Amino acid sequence: MTAPWPAEVAPAAHAAGGGAGVALIAAALVLPWACFLFFTLGAYGHCARRPVMALALALAPAPAIAAALFAPDGAKVAADAFLWGARFGADATGRPFLLAVGLTWALAGLYAAGSIAGSEGRARFSGFWLAALGGNVALVLARDLAAFYAGFAVMTFAAYGLIIHARERAATVAGRVYLALMLLGEVALLAGIALVAAAGGSEALAFERAAAEASGTARALFALGFGIKLGVLGLHSWLPRAHAAAPTAASAVLSGAMVKAGALGALRIFGAPAEGGPAELGAAAAALGIAGALYGAAMGVWRGGPKTALAWSTVSQMGLVLTLLAVAYAAPEARAIASATAAFFALHHGLAKAALFAGAGILAFRLGRARGAARAAICLPALALAGAPVTTGWIAKSGLDAAAELSPHAGWLVPALYAATMATTVLMLRAVGLVWAEPEAAEGAPPRVLWLAWVGLLAAPWIAGAAARDIAPALKAIELKGVLAASWPIALGGALYAAAVGFRARGGRAFEPRVEPGEGAPRLETEWRRARAIALCAERALQRFPVIGYLLVATLAGLAAALWP
Amino acid sequence: MTAGEAAAAAVFAIPLFGGVSAFSRPRAGRAIAFACAAVFFVAAAALASIVWARGPVEAAIGGWPAPVGIAWRIDGPSALMLLLTGALGVAVTAARAAEVGGGADPEGRLFWSLWLFLCAGLAALFVVADAFHVYVALELVALAAVALVALPRGAALVAAWRYFVATLVGSTLYLLGVAVLYGEYGALDLSLIGAEVAADPASPAARLAAASITAGLLLKAAIAPLHFWLPAAHGRAPAPVSAALSGLVVAAALYVLLRFWLGPFSDLLDAGVGVVLAAVSAAAALWGGLQALAQRELKMILAYSTISQLGVAALALPIAAAGEATAAERGAVLLLAAHGLAKAALFLAAGAIAAAAGAPARLAGPGGLRAPGAAYVAFALAAASLVGLPPTGGFAAKFRLLEGAAAAGAWIPAALILAATALTGAYLFRAFEGMAPARPRPGAGAGRTRGLSIPALALAAGAWAMGFALQWLEALLERGGGTP
């Protein structure tokens with residue numbers, strides 16, 4: 001069966017001259033920051049009213065969408081004054097990411113305007129939102145490591161402000177875990193970039209050279225930094241907490257757009273492995289990805305709360321992205337398909353996950369007669385994530401299977417992917433069940449702009465799927481799986497879920513929702529208090545004059561001993 | 001007299017005469033300070049552009065050349081430090097004027113003249129090129145700074161006393177080293193001393209002098225474990241004074257230390273010395289960071305953060321010892337400049353928060369500290385530069401240091417810089433977590449709050465602007481950097 005691709009979406013625009021493309025890219029980079037200045041300078045005033053906020057948050061990513069669709073590959077923006085000079089431009093690898101970033105941020109921005117605009121701290125929220133957006137767009141468009149890292153770091157730290165927005169205890173704890181891991185990741189990336197620059201000068205930071213020249217240590221540091229962002233199994237602990245604690249709109253962009261920065265970075269650096277890169281690494285990473293996919297699904301089913309389940313689903317799905325990246329790294333013959341699918345997967349998952357988060361948020365309002373329609377509509381992105389036919393998940397899963405079959409580990413990878421699809425189906429059913437079961441608010445219908453945002457998010461995957469062939473040409477090589485072949489793992493997963501629900505209905509306890517406990521937090525706090533007391537006590541001792549005298553003499557003696565000829 | 005010499009004379013003479021006239025005409029003190037700060041800034045900017053265009057400015061005062069007269073030498077790094085002094089001078093003057101407000105200012109007579117003497121001392125320190133006049137400038141800076149700390153009286157006197165003892169011992173050790181050098185070589189000019197040391201690096205006199213000068217400057221730069229005086233002095237002083245002390249005065253001592261080790265003593269900088277200097281820098285970078293993490297008062301967090309950041313800048317010395325002197329000097333001077341802007345902005349923002357609350361700013365659980373919007377934004381922007389978020393000046397500086405360390409294979413300093421960065425992130429986010437933006441209450445504190453927030457915002461913007469003027473800054477630092 002061949003792919004039912006629609007007609008080419010924007011052939012004319014691709015042929016358009018570079019000038020328009022350059023303008024689009026420049027606008028994509030600058031507009032979020034212009035809006036950011038508007039909100040931070042206006043923090044004193046009252047400019048964060050709902051229509052203003054909706055307009056700014058929805059339109060700030062619009063040039064990024066346009067650039068993803070229309071800017072030709074050659075269009076580059078040179079920002080010579082930025083650090084040591086930076087180049088920005090759209091390319092085949094980044095294009096799907098740019099589309100995902102633009103669409104997710106724009107529609108989630110509408111949602112944010114609808115849900116946050118009335119509350120206190122909306123100007124602050126908008127400021128962090130736009131800064132994170134500005135960083136995210138910049139990192140996708142960046143053509144070298146320094147600019148990428150700049151965008152990456154700005155996005156990461158601005159997102160902290162989004163996560164702790166509610167300033168409840170859970171948000172504070174989530175913010176701390178997020179920050180601890182992100183600082184580790186940032187430091188690893190910084191060290192990696194410094195290693196690359198020390199070996200080859202600042203010209204070596206261009207992605208083409210960095211991918212080829214980075215040393216083994218630098219690669220390991222990059223893998224750590226990107227792995228933390230991607231929520232790879234073992235480095236994922238920030239992800240469920242942060243998503244559960246953040247406002248719905250922030251969870252949507254966190255899962256839908258920001259997490260993908262790790263995948264993009266990995267594609268840029270590891271897209272073409274260095275000569276003699278150990279093949280076992282690829283197999284190990286693929287296995288880690290599959291393990292993450294299964295573990296994430298299991299935890300999502302176990303741990304209660306719709307947002308927590310959706311967050312664990314991101315861990316699970318990013319496991320699949322890691323598998324794709326590993327295949328691209330280890331198998332040269334599968335590289336083109338695996339890389340393109342990883343990028344498309346990021347787009348598809350971003351939009352579907354943002355739609356799920358937004359739907360979960362809307363279903364918590366009082367909907368009245370619209371509730372039935374909303375309940376039905378939230379199944380669409382869930383089906384897409386499971387990989388059902390006629391959704392973007394169909395394309396993504398077909399690409400995933402095609403890449404797995406081409407890889408040297410097809411023997412265990414292909415069955416493992418079927419298991420992952422089943423696990424995803426169970427998790428999605430579970431998440432939808434949890435969302436459906438949420439008690440309806442007694443009063444308060446959602447603002448109309450929330451509906452607008454959600455309908456947009458539900459429709460966006462089809463637009464994206466239609467544009468996919470343009471923005472990621474390697475996807476043309478994928479043969480879509482037959483409807484039956486795509487459906488049976490989903491059906492099996494559904495049966496599994498039904499059996500489990502039946503078991504629970506007869507008194508089994510396996511599916512009791514477990515609320516994420518703040519385990520370890522009190523013990524850590526006691527230890528922190530003790531450590532703090534010791535540190536303060538030691539510092540007081542260091543400030544006593546006799547001690548100071550000894551220290552001065554010791555310093556002098558040390559210097560003299562080292563200097564003695 | 002060339003334009004460069006005129007500008008160099010202006011940065012030193014204008015604040016000096018301003019200080020004298022502010023003392024004799026106390027009612028005009030504020031106006032004099034504003035005028036001097038503005039002229040200082042313009043002259044420093046002119047000097048920097050002259051150095052950038054034509055290379056180092058050298059002058060022999062009164063036409064007497066080096067062994068006899070006073071030599072001035074302004075190269076790229078010293079021009080950048082002068083520019084930093086000028087920028088902070090304007091911001092601190094504006095902040096202090098706003099803090100005092102329109103009412104009677106009992107300390108005004110002393111404050112403005114001391115503040116201008118401090119600027120004159122800093123200018124002299126960055127301009128002169130001989131070891132003895134560095135001592136004179138260090139003393140002028142130290143005495144003015146101690147007096148500024150002591151001005152509020154009360155508990156501040158204790159802090160000022162400890163500061164005085166520290167800086168006196170430091171000056172004595174420094175002077176001892178200079179005396180040894182003069183006795184051995186009969187020269188005070190840094191380049192002449194450098195030539196003599198290079199001719200006979202094994203000379204015990206040179207090594208004794210190096211040890212003594214280094215210990216004295218480590219004490220003045222508050223490099224742990226010799227930091228005992230700094231937290232109280234910086235934490236207790238009024239916000240604008242803390243900003244100037246943290247951003248300029250300690251940084252100036254460290255700058256002199258860097259100049260000595262990368263200049264006249266560069267032939268003594270071997271692996272053994274590198275280990276000792278790495279040990280003290282590491283102690284400062286890590287201990288300062290840990291203590292900042294343990295503090296509750298916002299200004300104390302910032303004071304300990306200064307110890308930590310200067311420790312990171314001092315790591316340039318072990319990196320230079322490993323063979324990357326140029327990259328190390330560039331990174332360290334950039335770090336001093338970026339830290340000066342960011343830390344002054346943070347102190348002024350803390351002052352604005354305290355002025356809005358009418359009480360010292362203490363962390364009280366997540367979001368417990370109400371921060372006026374502009375101070376909150378300034379704090380966030382300056383914190384980003386201090387952590388080293390690209391594209392700020394703090395990032396560029398740390399990146400250059402890391403790059404130098406990686407190129408020299410100095411893995412321990414590189415790991416220390418990264419660890420200190422992570423600690424910086426931790427304590428600044430702890431402070432940030434404790435703050436919640438709130439509209440300032442209208443009332444007596446509103447004018448002071450705004451008057452402190454706006455210079456803080458400007459300085460934080462300056463720290464970000466460094467990332468966009470980086471190529472110019474690095475070209476400036478190349479002018480006559482390294483061995484004077």
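Chemist: Please clarify how the overall build of chain A should be interpreted in this entry.
Modeler: Within chain A one finds 24 helices and two strands. Taken over C-alpha atoms, the radius of gyration comes to 25 Å for chain A, in line with the 24 Å a tight globule of 565 residues would show. For chain A, with 565 residues in total, the buried portion stands at 59%. Sequence separation of 24 or more characterises 81% of the internal contacts of chain A that already satisfy a separation of 6 or more. Just so you have it, chain A exposes about 20500 Å², and 68% of that area is on carbon and sulfur atoms.

Chemist: How do you make sense of the overall build of chain B when you look at a structure like this?
Modeler: When helices and strands are counted, chain B shows 19 helices and four strands. For 484 residues, the compact-globule estimate of 2.2 N^0.38 gives 23 Å, and the C-alpha radius of gyration of chain B, at 21 Å, lies within 12% of that figure. Seen through its principal axes, chain B has C-alpha atoms that stretch 65 × 50 × 40 Å. Buried positions account for 65% of the 484 residues belonging to chain B. Partitioning the contacts of chain B with sequence separation of at least 6, the portion at a separation of at least 24 is 81%. Accessible surface, chain B: about 14500 Å² in total, of which carbon and sulfur atoms supply 68%. For chain B, the centre of its 27 positive side-chain charges and the centre of its 21 negative side-chain charges are spaced 19 Å apart.

Chemist: Would you take a moment to explain the interface of chain A and chain B for this structure?
Modeler: A common way to state how big an interface is: give the accessible area lost once the parts meet. Every contact between the two is made by 54 residues of chain A and, on the other side, 69 residues of chain B. Where chain A abuts chain B, roughly 5600 Å² becomes buried across the two surfaces, and 74% of that area is made up of carbon and sulfur atoms. There are one salt bridge connecting chain A and chain B. Where Glu433 of chain B meets Arg176 of chain A, a salt bridge forms, and the shortest distance between an N and an O atom there is 2.8 Å. Here chain A and chain B share 14 residue pairs in polar contact (both at pLDDT 80 or more) between them.

Chemist: In this structure, what is going on with a nonpolar patch on the surface? I would like to understand it.
Modeler: Taken together, the side chains of Leu380, Val390 and Trp462 of chain A define a hydrophobic patch exposed on the protein surface, amounting to about 290 Å² of accessible area. Relative to the helices and strands, Val390 of chain A resides in the loop between helix H18 (379-386) and helix H19 (392-406).

Chemist: What's the story with helix H3 (residues 76-100) of chain B in this structure? I'm lost.
Modeler: The α-helix winds at 3.6 residues per turn, so residues separated by three or four positions along the chain end up facing the same way. Residue and element names in this part refer to chain B. Compared with the 36 Å implied by 1.5 Å per residue over 25 residues, the 36 Å span of H3 between its first and last C-alpha is a close match. Burial runs high along H3: 21 of the 25 residues are buried. Within two residues after H3, Gly101 carries a phi angle of roughly 75°, on the positive side.

Chemist: Looking at this structure, I do not really get the confidence of the model for chain B. What am I missing?
Modeler: Any segment with low pLDDT has predicted coordinates that should not be analysed in fine detail. All names here are of chain B. Chain-level pLDDT for chain B is 90 on average; 96% of the residues reach the 70-or-more range. Per-element averaging of pLDDT across chain B places strand E4 (residues 435-438) at the bottom with 83 and helix H12 (residues 298-314) at the top with 96. Reported for the predicted complex are a pTM of 0.91 and an ipTM of 0.90.

Chemist: For this particular structure, what's the right way to read the environment of Gly262 of chain A?
Modeler: Residues and elements named next belong to chain A. Topologically, Gly262 is positioned in helix H13 (residues 260-270). A relative accessible area of 0% means that Gly262 is categorised as buried. Linking Gly262 and Ala223, residues 39 residues apart in sequence, is a C-alpha distance of 8.9 Å. When sequence neighbours within four positions are dropped, the list of residues in contact with Gly262 reads Phe152, Phe226, Lys229 and Leu230.

Chemist: Honestly, the pattern of salt bridges in this entry has me stumped. Any pointers?
Modeler: Should the charged atoms of two oppositely charged side chains come close, the side chains can pair. This structure, assessed with the given rule, holds 19 salt bridges over all chains. Here Asp73 of chain A ties to Arg95 of chain A by a salt bridge, and the two come within 2.4 Å at their closest N and O atoms. Residue Asp73 of chain A is found in the loop between helix H4 (62-70) and strand E1 (76-79), and its partner Arg95 of chain A is found in helix H5 (residues 94-116); the two are separated by 22 residues along the sequence. Of the charged contacts, one joins Glu329 of chain B and Arg259 of chain B as a salt bridge, the two residues approaching to 3.7 Å between their closest N and O atoms.

Quick notes on the rules
- Residues numbered from 1 in each chain as written.
- Chains lettered and ligands numbered in written order.
- Predicted model: local features only at pLDDT ≥ 70, side-chain atom pairs only at ≥ 80, totals over all residues.
- Heavy atoms only, no water.
- Helix = DSSP H or I, 4+ residues; strand = E, 2+ residues; numbered from the N terminus.
- Rg over C-alpha atoms; globule rule 2.2 N^0.38 Å.
- Buried < 20%, exposed > 50% of the residue type's maximum accessible area, 1.4 Å probe, protein only.
- Contact = heavy atoms within 4.5 Å.
- Areas by Shrake-Rupley, 256 points an atom, 1.4 Å probe, with all protein chains shown as cover.
- Lys, Arg positive; Asp, Glu negative; His and termini not counted.
- Charge placed at Lys NZ, Arg CZ, Asp CG, Glu CD.
- Buried area = accessible area lost by both parts, 1.4 Å probe.
- Salt bridge = Lys/Arg side-chain N within 4 Å of Asp/Glu carboxyl O.
- Polar contact = N/O pair within 3.5 Å; in protein donor to acceptor, adjacent residues only side chain to side chain.
- Patch = residues over 30% accessible without salt bridge, like charges linked within 9 Å, V, L, I, M, F, W, Y side chains within 5 Å.
- Expected span 1.5 Å × (residues − 1).
- pLDDT = per-residue confidence, 0-100.

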